[in-house]
Amino acid sequence: MAATALDKSVPEILPPALDASSEPPPLFDGVTRLYTYYGCPFAQRVWITRNFKGLQDKIKLVGIDLSNRPAWYAEKVYPTNKVPALEHNGKIIGESLDLIKYLDSNFEGPSLLPDDPAKKQLAEELSAYTDTFTGTVFSAFKGDAVKEVGPAFDHLEAALSKFDDGPFFLGDRFSQVDIAYIPFVERFQIFLSEVFKYDITEGRPKLAAWIEELNKLEAYKQTKLEGTKAQVVELYSKRFLGK
């Protein structure tokens with residue numbers, strides 16, 4: 001499979017997250033840093049991108065404790081006080097979807113977009129749909145989740161059926177689109193299964209194959225942390241069910 005052949009990720013020990021008691025790293029010293037929170041799906045998008053392109057030695061991870069953020073992060077790094085943020089060439093860049101594209105365009109490693117015009121067009125359409133997808137599912141958690149999430153996952157199933165040359169959204173090429181969706185699909189699958197006993201892959205063979213294929217990729221697997229299932233259930237239950 002093309003994605004496996006291109007995967008350059010290597011195991012790494014994650015640095016501890018910095019909190020309010022932590023000193024900042026030596027900012028804007030020429031080192032490229034990805035400020036992240038290891039449990040954040042938005043930040044996970046950029047982490048996967050970094051790993052897949054084999055940039056572990058070129059982009060240093062800096063974990064930020066979002067529950068006890070250091071004051072210097074907003075004051076000196078990223079005024080929005082969010083993650084992810086990339087420190088590169090003397091500037092700070094944010095927003096996860098923008099950062100996927102930025103890393104793909106400005107760093108070495110396998111390209112995450114194909115040359116095929118039809119596949120590029122689908123990539124643009126699916127990237128534009130990400131907020132609608134996540135918003136639909138999050139809203140469904142507050143209502144009749146099992147009934148209301150169906151159309152969102154049916155949309156992904158249909159998109160995964162557009163090209164028959166591979167299991168990914170753009171066929172045989174693991175791409176920016178897969179990276180944009182998998183952190184959220186991962187969490188939605190957990191929550192819907194654990195709390196609502198709903199299997200998002202039932203009746204959706206393309207979605208099932210996509211998830212199975214992504215779980216083979218080291219670049220993604222290394223961003224899946226122990227305890228994620230319990231954390232997702234607890235966080236989403238509090239946020240959407242008031243439990």
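It should be emphasised that the depicted structure is a prediction, and the values quoted were computed from it without experimental measurement.

(A) Seen up close, the UniProt feature "domain: GST N-terminal" (unreviewed entry) in the chain. According to UniProt, the feature "domain: GST N-terminal" (unreviewed entry) maps to residues 30-111 in the numbering used here. As annotated, residues 30-111 has a helix share of 37% and a strand share of 20%, and its two end C-alpha atoms lie 24 Å apart.

(B) Representation of the pairing of strand S2 (residues 60-63). Bridging between strand S1 (residues 33-36) and S2 involves 4 bridges; their strand directions are parallel. Paired with Arg33 across the two strands is Lys60, which belongs to S2. The parallel pair S1 and S2, bridged by helix H2 (residues 41-52), forms a crossover whose chirality is right-handed.

(C) Layout of the environment of Ile64. Among the secondary structure elements, Ile64 is positioned in the loop between S2 and helix H3 (71-77). Distance from Ile64 to Ala17, taken between C-alpha atoms, is 4.8 Å for residues 47 residues apart in sequence. In this view, Ile64 contacts Ala17, Leu18, Tyr35, Thr36, Tyr37, Pro70, Trp72, Tyr73 and Val83; residues no more than four positions away in its chain are not counted.

(D) Representation of the layout of surface pockets in the model. Taken as a whole, the largest pocket spans an internal volume of roughly 740 Å³. Forming the boundary of the largest pocket are 23 residues, of which Gly39, Cys40, Pro41, Phe42 and Leu66 lie nearest the centre. When contributions to the lining of the largest pocket are tallied by element, the ones reaching two or more residues are H2, helix H8 (176-196) and helix H11 (228-241). A per-element tally of the lining of the largest pocket places H11 first, with 6 residues. Residues that form the lining of the largest pocket fall into these classes: 13 nonpolar, 5 polar and 5 charged. For the second largest pocket, the calculated volume is near 170 Å³. In this structure, the second largest pocket is lined by 15 residues; those nearest its centre are Glu186, Gln189, Ile190, Tyr220 and Lys224. Element by element, the count of residues in the lining of the second largest pocket is highest for H8, at 6 residues.

(E) Seen up close, unusual backbone geometry. With an omega dihedral of 5 degrees, the bond running from Val83 to Pro84 counts as a cis peptide bond. Tracing the backbone shows Pro84 in the loop between H3 and strand S3 (85-88). Here the phi dihedral of Asn89 falls at roughly 55 degrees; this positive angle occurs in a residue that is not glycine. Inspection of the secondary structure puts Asn89 in the loop between S3 and strand S4 (91-94). A relative accessible area of 65% places Asn89 in the exposed class. At Glu95, a position not held by glycine, the phi torsion is positive, near 75 degrees. Of note, Glu95 is situated in the loop between S4 and helix H4 (96-106). On the basis of relative accessibility, which here comes to 49%, the residue Glu95 falls in the partly exposed class.

Rules of the game
Residues numbered from 1 in each chain as written. Predicted model: local features only at pLDDT ≥ 70, side-chain atom pairs only at ≥ 80, totals over all residues. Heavy atoms only, no water. UniProt positions renumbered as here; feature names shortened; annotations may be inferred. Helix = DSSP H or I, 4+ residues; strand = E, 2+ residues; numbered from the N terminus. Pairing = 2+ DSSP bridges. Right-handed = clockwise from strand over helix to strand, strands pointing away. Contact = heavy atoms within 4.5 Å. 1 Å grid on protein atoms, 1.4 Å probe; cavity = no way out; pocket = protein on both sides within 12 Å on 5 of 7 lines; lining within 4 Å. Points joined across faces, edges and corners; volume = space filled by probe spheres on them. Nonpolar A, V, L, I, M, F, W, Y, C, P; charged D, E, K, R; others polar. Buried < 20%, exposed > 50% of the residue type's maximum accessible area, 1.4 Å probe, protein only.

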